[in-house]
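Reading the structure
Chain residues, written in single-letter form:
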Amino acid sequence: MKAAPEAQKRLLDLAELDSVIDRLAHRRRTLPELAEIDERSKLFAKLATQVIEAETESGDLAREQAKAESDVDAVRTRADRDQKRLDSGAVTSPRDLSSLQSEITSLNKRQGDLEEVVLEIMERREAADAKAGDLVTQRDEVRAALSTAEDRRDAALTEIDKESGEVRGRRADTTGDIPADLLKLYEKLREQYGVGAAMLHGGRCQGCKVALSIAEMNRIKGAPHDEVLRCEECRRILVRTAESGL
Ligand SMILES: [Zn+2]
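In short, a report on the structure.

The rules behind each value
- Every chain begins its residue count from 1, and numbering advances along the sequence as written.
- Local features in this predicted model are restricted to residues of pLDDT 70 or higher, and side-chain atom pairs are both shown and tallied only at a pLDDT of 80 or more, whereas totals for entire chains, interfaces and linings draw on every residue.
- In computing side-chain values, all of the structure's heavy atoms are included and hydrogens and water are not.
- In plain words, nonpolar cores are sets of buried Ala, Val, Leu, Ile, Met, Phe, Trp, Tyr and Cys residues tied together by side-chain atoms within 4.5 Å.
- Exposed residues in this analysis have more than 50% of their type's maximum accessible area, buried residues have under 20%, and partly exposed residues fall in between, with area computed by a 1.4 Å probe over protein chains only.
- In this text, helices come from DSSP runs of H or I with a minimum length of four residues, and strands from runs of E with a minimum of two, each type numbered from the N-terminal end.
- Each pair of strands is called paired provided DSSP finds at least two bridges between the two strands.
- Metal donors: N, O and S atoms at distances within 2.8 Å, or within 3.2 Å for Na, K and Ca, with water omitted from the atom set so that some sites may seem incomplete.
- The rule is simple: four donors are tetrahedral if all their angles sit between 85 and 135 degrees, four are square planar and six octahedral if opposite donors span more than 155 degrees and the others lie between 65 and 115, and anything that fits none of that is irregular.
- The criterion used for residue contact is that any of the two residues' heavy atoms lie within 4.5 Å.
- The angle between two axes is taken between their N-to-C directions and runs from 0 to 180 degrees, where each axis is a line fitted to C-alpha atoms and a helix contributes only its stretch in contact.
- To estimate how far a helix should reach, multiply one less than its number of residues by 1.5 Å.
- What makes a salt bridge here is a side-chain nitrogen of Lys or Arg within 4 Å of a carboxyl oxygen of Asp or Glu, nothing more.

**Observations concerning the nonpolar core**
Counting residues in hydrophobic clusters, the biggest one holds 15 residues, and the most contacted among them are Leu11, Leu182, Tyr186 and Ile237. Put simply, the parts of the chain that give this core at least two residues each are helix H1 (5-29), helix H4 (180-193) and strand S4 (237-240). For this core, the element with the most residues is H4, which contributes five residues. In this structure, Cys205, Met217, Ile220 and Cys231 belong to the second largest nonpolar core, which totals 11 residues.

**Structural notes on the pairing of S4**
Successive residues of a regular strand alternate their side chains across the two faces of the sheet. Side chains Ile237 and Val239 of S4 all project onto a buried face; the interleaved residues Leu238 and Arg240 project onto the opposite face, where all are buried too. Bridging between strand S1 (residues 197-201) and S4 involves four bridges; their strand directions are parallel. Note on S4: the bridge partner recorded for alanine 197 is isoleucine 237. As defined by bridge partners, strand S3 (residues 229-230) adjoins S4 across two bridges and the pair is classed as antiparallel. From the neighbouring strand, arginine 230 faces S4, where its bridge partner is isoleucine 237. Hairpin connection of S3 to S4: six residues between the antiparallel strands, including arginine 235 at a positive phi of 70 degrees.

**Some words on the side chain of serine 58**
Here serine 58 is to be found in helix H2 (residues 32-88). Since its relative accessible area comes to 9%, serine 58 is described here as buried.

**Some words on the coordination of the zinc ion**
Distances from the zinc ion to its protein donors, Cys205 (SG), Cys208 (SG), Cys231 (SG) and Cys234 (SG), fall at 2.2 to 2.4 Å. One way to put it: the four donor atoms around the zinc ion meet at angles of 105 to 115 degrees, and that makes the site tetrahedral. Spacing between the donor residues of the zinc ion along their common chain follows C-x2-C-x22-C-x2-C. Of this pair, cysteine 205 sits in strand S2 (residues 204-205) while cysteine 231 sits in the loop between S3 and S4, and the two are 26 residues apart along the sequence. As far as the burial class goes, cysteine 205 and cysteine 231 line up, both buried.

**Focus: the sheet that holds S4**
The four strands are arranged S2-S1-S4-S3 in an open sheet whose pairing can be described as mixed. Looking at strand neighbours, the two that pair on one side only are S2 and S3, the edges of this open sheet. In this fold H1 packs onto S1 and S4, with an angle of close to 115 degrees to the strand it touches most, S4.

**Thoughts on H1**
For H1, with 25 residues, the first-to-last C-alpha span of 36 Å sits near the 36 Å given by 1.5 Å per residue. Within H1, the full set of buried residues consists of Ala7, Gln8, Leu11, Leu12, Leu14, Ala15, Leu17, Asp18, Val20, Ile21 and Leu24. Residues of H1 that are buried make contact with helix H3 (94-175), H4, S1 and S4.

**Focus on the pattern of salt bridges**
Tallied over the entire structure, the rule returns 28 salt bridges. We note a salt bridge from arginine 28 to aspartate 161, for which the minimum N-O separation is 2.9 Å. Note that arginine 28 is positioned in helix H1 and aspartate 161 in helix H3, a separation of 133 residues in sequence. The exposure class of arginine 28 is partly exposed, given its relative accessible area of 36%. On the basis of relative accessibility, which here comes to 37%, the residue aspartate 161 falls in the partly exposed class. The partner of glutamate 36 in a salt bridge is arginine 152, with the nearest N and O atoms 3.2 Å apart. In this pair, glutamate 36 is assigned in helix H2 and arginine 152 in helix H3, connecting sequence segments 116 residues apart.

Below, the structure written as structure tokens:
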């Protein structure tokens, strides 16, 4: 393949721009915020589930407490009613009186037992509420940190995309100076090897850093200026400049 030396040199500008584009793409993929967001998202999901579990437990205990309190009320109402009957003097038979008194005693004891149950549920509920509150605080902290990390990620991506857009604009200008067949070869090599063209610098390929043999250097010295050369080692287009050591 033949191409004007100036067009070949433009390949080096293109390779430089492509390496910037690759670096930006790499930065885009490996932003530290991405790992941070991933980690915090997982933690947030875990805490959100724990909050639901804790709030469910609190709700269950609230219902349990209401039920126990209503049991206490029912027993108290019954004991009050019995007490009123006793106080009214309407019951006169000693057997009935004794039975009524015994029922009141038994109801009072039952009420005491049920009040113990209420207290025990209240304690458990208090602990469950505290746990739920603590988890809500943790979840909200993680959500806030996640949101901050997302903002930082977005700002970094905007900056990278802006820079990338500028470099791509310069790349488009550069490719305009390169003949279609040479550009096609460059693109093919770039796809294969990551870098399409390298400078021959001081007898060394700048792509693979391998020094060319004397025979190879002699062959290049004898080659026409418009011949498109390839590095024997890395197959990239080898571009001659004033610093090639020829
Ligand atoms: Zn090479």
